[in-house]
Amino acid sequence: QVQLVESGGGLVQAGGSLRLSCAASGRTFGRYAMGWFRQAPGKVRDFVAGISWSGGVTTYADSVKGRFTISRDNAKNMIYLQMNSLNSEDTAVYYCAATNRYQHAVLDKIYYDYWGQGTQVTVSS
């Protein structure tokens, strides 16, 4: 079982950057594909980025390609989401999630079994 805790959210001006972190418990963290999702008010929770067990394969939503970077440090049980060139459409609660069903991250949230509590990101224009 994995417990996830996000941090790093906050208020940032459009064009700015934030780095989200997700701390994971559990001795088998390296066997979990990880994902970042986000949910804006009144909208469904959407996939943002994902990373494979080893970190060698990453996947991004089209809306964040070239601006966001997902990474992981299995020695520290951490994953990160570097977010650059933020705009108002990036405003949402961001969640990290884990799955051990697949080696690579998958886009559909139904395959993720563990979720953090979320961290708010607000981009002011």
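Being a predicted model, the structure only gives us computed values, none of them experimental.

This part covers the overall build of the chain. Summing up its helical and strand segments, the chain has zero helices and eleven strands in all. At 13 Å, the chain has a C-alpha radius of gyration in line with the 14 Å of a compact globule built from 125 residues. Dimensions of the chain along its principal axes, counting C-alpha atoms only, are 40 × 25 × 25 Å. Evaluated residue by residue, the chain yields a buried proportion of 45% over its 125 residues. Here the analysis covers contacts within the chain between residues at least 6 apart in sequence; of these, 59% occur between residues at least 24 apart. Here the chain has roughly 6300 Å² of accessible surface; of this, 46% comes from carbon and sulfur atoms. Side-chain charges of the chain comprise 12 positive and 8 negative groups, with the mean position of each set lying 6 Å from the other.

Another aspect to go through is the pattern of salt bridges. Two side chains of opposite charge can pair, provided their charged atoms sit close to one another. Under the definition given, this model contains four salt bridges. Across the pair aspartate 90 and arginine 67 runs a salt bridge, and its minimum N-O distance is 2.8 Å. Of the two residues, aspartate 90 is situated in the loop between strand 8 (78-83) and strand 9 (92-99) and arginine 67 in the loop between strand 6 (58-60) and strand 7 (68-73); the sequence distance between them amounts to 23 residues. Its relative accessible area of 1% is what places aspartate 90 among the buried residues. With relative accessibility at 15%, the residue arginine 67 sits in the buried group. A network of salt bridges, in which partner residues are shared, links Arg38, Arg67 and Asp90.

Parameters at a glance
Residues numbered from 1 in each chain as written. Predicted model: local features only at pLDDT ≥ 70, side-chain atom pairs only at ≥ 80, totals over all residues. Heavy atoms only, no water. Helix = DSSP H or I, 4+ residues; strand = E, 2+ residues; numbered from the N terminus. Rg over C-alpha atoms; globule rule 2.2 N^0.38 Å. Buried < 20%, exposed > 50% of the residue type's maximum accessible area, 1.4 Å probe, protein only. Contact = heavy atoms within 4.5 Å. Areas by Shrake-Rupley, 256 points an atom, 1.4 Å probe, with all protein chains shown as cover. Lys, Arg positive; Asp, Glu negative; His and termini not counted. Charge placed at Lys NZ, Arg CZ, Asp CG, Glu CD. Salt bridge = Lys/Arg side-chain N within 4 Å of Asp/Glu carboxyl O.

Distances and angles like these do not, on their own, reveal function.
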